[in-house]
Each structure stands twice: as structure tokens, then as C-alpha cells.
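Coordinates in review
Chain by chain, the residues:
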Amino acid sequence: YHGLQASAVKRFNQGLSFQGNYTWSRAMDYQSSLAETKTQNPFNRAADYSRSSWDLRHVFQFAYVYELPMGRGRRFGGNMHKALDYAIGGWSLEGIARFQSGGPVNITIGQDRANIGSSTQRPDALRNPNTGPRTPEQWFDTSAFQMPAIYTYGSAGAYLVDSDGRHNFDFSIAKSFRIAEQHA
């Protein structure tokens with residue numbers, strides 16, 4: 001694993017707090033987990049050294065909290081009545097945004113071309129498949145692969161194709177209520 005991480009933080013002050021993180025990484029291995037099969041030829045493990053199944057090249061995440069400046073003790077309405085403060089004071093806007101590049105996809109042929117009793121073999125790679133049309137119908141260049149010759153292993157590396165990236169937005173509007181306890 002090789003990576004670079006950068007972070008910027010604004011601590012909570014005047015009702016605003018945020019944190020931004022960026023990670024650039026590259027993860028390579030022979031086997032990403034015990035739950036997957038990446039080995040094509042058990043006598044040539046070097047051919048299976050490739051991207052990890054969890055390799056995400058770019059990840060940017062931004063989280064924030066902004067307390068609206070309305071209500072008792074705030075900039076606007078600092079002396080408002082308790083009942084009015086109960087209705088319009090104590091509101092905040094909060095959210096998280098995450099943008100990440102697509103994870104890798106392992107292309108297999110679903111046939112036992114090498115005659116070894118396994119159908120998790122890979123095709124021959126003719127060129128970079130990630131130059132495809134990038135449409136929902138065809139995300140990568142399928143003509144960049146061909147079936148390997150009978151009784152041979154394919155030349156394509158594992159996890160060669162990039163899937164589409166993810167963009168997630170979570171947003172909330174929150175209301176804080178003060179609860180006072182009295183002890184006798």
C-alpha cells in the first residue's frame with residue numbers, strides 16, 4: 001500500500017466547524033482476502049500481483065456543522081422569549097460529502113480454457129479496457145479482451161477495469177433542545 005493523506009480542520013468556532021480529507025492511494029497484492037479467488041495459475045503467482053480488490057485511488061470527504069445564529073445567546077434574537085427560542089433557536093445544518101474514484105473490477109471468462117478445473121480464469125488483454133464509452137450499457141471497452149487459446153491462461157491482470165466513481169451527499173437539519181434538571 002502506498003498513499004498520501006491530506007487533511008484540513010476548522011475547529012468549532014462561531015457556530016462553524018468543518019473537516020476535509022483527501023487520500024490518494026494504490027494498493028497491490030497477490031490475494032486481497034480469503035473470500036475471493038484471484039489466483040489463475042498456482043505455479044506462476046507473480047502473474048497475480050495486481051491491484052487489490054479494495055483499491056480506491058482517490059477519496060475526498062468533507063464534513064461540516066453550522067449552527068444557525070438565531071436564538072437565545074446568539075447573534076440574532078439573543079434576548080428572545082423562551083417560547084420563541086424553543087421554536088426558532090437551536091437549529092443547525094450538518095452534512096458529509098464523499099467523492100471517490102471507482103474500485104477495480106476483476107474480469108473473468110467463466111470457462112476452464114486452461115483445463116485445470118476452475119472457471120475463474122482471465123481473458124487475454126489486447127489494450128487498456130478503461131478507454132471505453134463509459135455509458136450505463138457499456139462501461140469499458142469489451143473488445144479489449146479476447147479468449148485465450150485453449151490450454152493456456154489469459155494475459156489480463158486481475159482487477160484491471162475501473163468501475164464508476166461514487167458521489168455521496170448526506171445532509172441534515174437538526175434542532176437542539178435544552179433540558180434542565182433540578183436537584184433538591
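Please refer to the structure higher up on the page.
Residues numbered from 1 in each chain as written. Predicted model: local features only at pLDDT ≥ 70, side-chain atom pairs only at ≥ 80, totals over all residues. Heavy atoms only, no water.

**Some points on the environment of L4**
The line we're drawing: Only DSSP runs of H or I covering at least 4 residues are called helices, and only runs of E covering at least 2 are called strands; the numbering of each starts at the N terminus. Here, residues are in contact when the closest pair of their heavy atoms is within 4.5 Å.
With respect to the helices and strands, L4 occurs in strand 1 (residues 2-13). Expressed as a C-alpha distance, the spacing of L4 and T23, which sit 19 residues apart in the sequence, is 5.6 Å. Non-local contacts of L4, meaning those with residues more than four positions away in its chain, are made with Y22, T23 and W24.

**Focus: the nonpolar core**
The cut-off we apply is this: Definition used in this section: a nonpolar core is a set of buried Ala, Val, Leu, Ile, Met, Phe, Trp, Tyr and Cys residues joined via side-chain atoms within 4.5 Å. Residue burial is assigned from relative accessible area. The probe radius is 1.4 Å, only protein chains are included, and a residue is buried under 20% of its type maximum, exposed over 50%, and partly exposed in between.
Among the nonpolar cores identified, the biggest contains five residues, and these are I107, F140, F145, A156 and V161. When near neighbours in sequence (up to four residues on either side) are disregarded, I107 contacts R122, P123, F140, F145 and V161.

**Focus: the layout of surface pockets**
Worth spelling out the cut-off: Cavity and pocket criteria rest on a 1 Å grid covering protein atoms alone: a 1.4 Å probe that fits but cannot get out defines a cavity, protein on both sides within 12 Å along at least 5 of 7 lines defines an open pocket, and an atom within 4 Å of a point defines a lining residue. Grid points are joined across faces, edges and corners, and a volume is the space filled by probe spheres set on the points. For this classification, Asp, Glu, Lys and Arg are treated as charged, while Ala, Val, Leu, Ile, Met, Phe, Trp, Tyr, Cys and Pro are nonpolar and the rest, including Gly, are polar.
Counted as a void, the largest pocket has a volume near 360 Å³. Forming the boundary of the largest pocket are 14 residues, of which D85, Y86, S176, F177 and R178 lie nearest the centre. If one sorts the elements of the lining of the largest pocket by residue count, helix 1 (residues 82-88) sits on top with three residues. In terms of residue class, the lining of the largest pocket is made up of three nonpolar, five polar and six charged. Its volume calculated, the second largest pocket comes out at about 200 Å³. Partitioned by chemical class, the residues of the lining of the second largest pocket number three nonpolar, two polar and three charged.

**Concerning the pairing of strand 6 (residues 91-100)**
Which entries qualify depends on this criterion: Paired strands, as defined in this entry, are two strands with at least two bridges between them according to DSSP.
Two elements, strand 5 (residues 58-67) and strand 6, share nine bridges in a ladder whose sense is antiparallel. Note that in strand 6 the partner of V59 across the bridge is Q100. Across ten bridges, the pairing between strand 6 and strand 11 (residues 166-175) is antiparallel. Within strand 11, the position partnered with L93 by the bridge is I173.

Shape descriptors only; they carry no functional weight alone.
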